[in-house]
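# Report on the structure
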Amino acid sequence: QVQLVESGGGLVQAGGSLRLSCAASGITFRIYDMGWYRRVAGKQRALVARVTSSDITNYVDSVKGRFTISRDNARNTVYLQMNSLQPEDTAVYYCNAYGGPGYLPNDYWGQGTQVTVSS
């Protein structure tokens with residue numbers, strides 16, 4: 001059974017930092033592209049950052065220079081370090097695993113963790 005379990009969300013003041021973690025089980029973690037997405041209330045879920053199985057990273061423009069995604073294949077965990085948080089970063093953050101060994105990619109999601117940034 002595949003599980004992606006996020007942790008590290010919470011309430012922080014503007015300018016503060018949080019580190020999200022996503023622990024994966026039931027997949028061969030190292031071959032998956034891992035991503036963090038967020039859903040702002042009333043809007044669709046959107047990509048925040050992604051790290052490929054080859055450790056290539058990309059970010060949405062609004063978080064460049066503030067957020068850092070990283071992965072630890074030995075721990076089957078992906079992280080999102082979030083610095084200089086702003087109220088507009090308030091959202092539910094979701095972990096995603098995409099890819100796998102077959103021709104058709106798998107697409108797995110965590111349950112989400114709430115991040116609230118107060119002004």
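Residues numbered from 1 in each chain as written. Predicted model: local features only at pLDDT ≥ 70, side-chain atom pairs only at ≥ 80, totals over all residues. Heavy atoms only, no water.

A separate point is the overall build of the protein. Looking only at helices and strands, the protein has zero helices and eleven strands in total. Taken from the N to the C terminus, the helices and strands of the protein come in the order β-β-β-β-β-β-β-β-β-β-β. Taken over C-alpha atoms, the radius of gyration comes to 14 Å for the protein, in line with the 14 Å a tight globule of 119 residues would show. Taking the principal axes of the C-alpha coordinates as reference, the protein spans close to 45 × 25 × 25 Å. Per-residue burial for the protein yields a buried fraction of 37% across its 119 residues. Look at the contacts in the protein between residues 6 or more apart in sequence, and 55% of them connect residues 24 or more apart. Surface exposure of the protein reaches about 6,500 Å², of which carbon and sulfur atoms provide 45%. For the protein, the distance from the average site of its 11 positive side-chain charges to the average site of its 8 negative ones is 1 Å. (Helix = DSSP H or I, 4+ residues; strand = E, 2+ residues; numbered from the N terminus. Rg over C-alpha atoms; globule rule 2.2 N^0.38 Å. Buried < 20%, exposed > 50% of the residue type's maximum accessible area, 1.4 Å probe, protein only. Contact = heavy atoms within 4.5 Å. Areas by Shrake-Rupley, 256 points an atom, 1.4 Å probe, with all protein chains shown as cover. Lys, Arg positive; Asp, Glu negative; His and termini not counted. Charge placed at Lys NZ, Arg CZ, Asp CG, Glu CD.)

Once that is clear, we can look at the state of the cysteines. Counting across every chain of the model gives one disulfide. Here Cys22 engages in a disulfide with Cys95; their sulfurs sit 2.1 Å apart. Note on the Cys22 and Cys95 pair: the S-S dihedral is about -80 degrees, so by sign convention the disulfide is left-handed. With Cys22 in strand 3 (residues 18–25) and Cys95 in strand 9 (residues 91–99), this residue pair connects regions lying 73 residues apart in the sequence. Like Cys22, the residue Cys95 is buried in the burial classification. (Disulfide = S-S within 2.5 Å.)

The next point concerns the nonpolar core. Judged by nonpolar contacts, the single largest core of 27 residues is most densely connected at Met34, Trp36, Phe67, Val78, Leu80, Met82 and Tyr93. Not counting residues up to four positions away in its chain, the partners in contact with Tyr93 are Glu6, Leu20, Trp36, Tyr37, Arg38, Val48, Phe67, Leu80, Met82, Gly112, Thr113 and Val115. (Core = buried A, V, L, I, M, F, W, Y, C linked by side-chain atoms within 4.5 Å.)

The next thing to look at is unusual backbone geometry. Backbone geometry follows two general trends: most residues other than glycine have a negative phi, and most peptide bonds adopt the trans configuration. Despite not being glycine, Asp55 has its phi angle at roughly 70 degrees, a positive value. With respect to the helices, strands and loops of the structure, Asp55 is situated in the loop between strand 5 (46–51) and strand 6 (57–59). A positive phi angle, near 55 degrees, is found at Asn76, a position not held by glycine. Mapped onto the elements of the fold, Asn76 is located in the loop between strand 7 (67–72) and strand 8 (77–82). On the basis of relative accessible area, Asn76 is assigned to the partly exposed category, the value being 26%.

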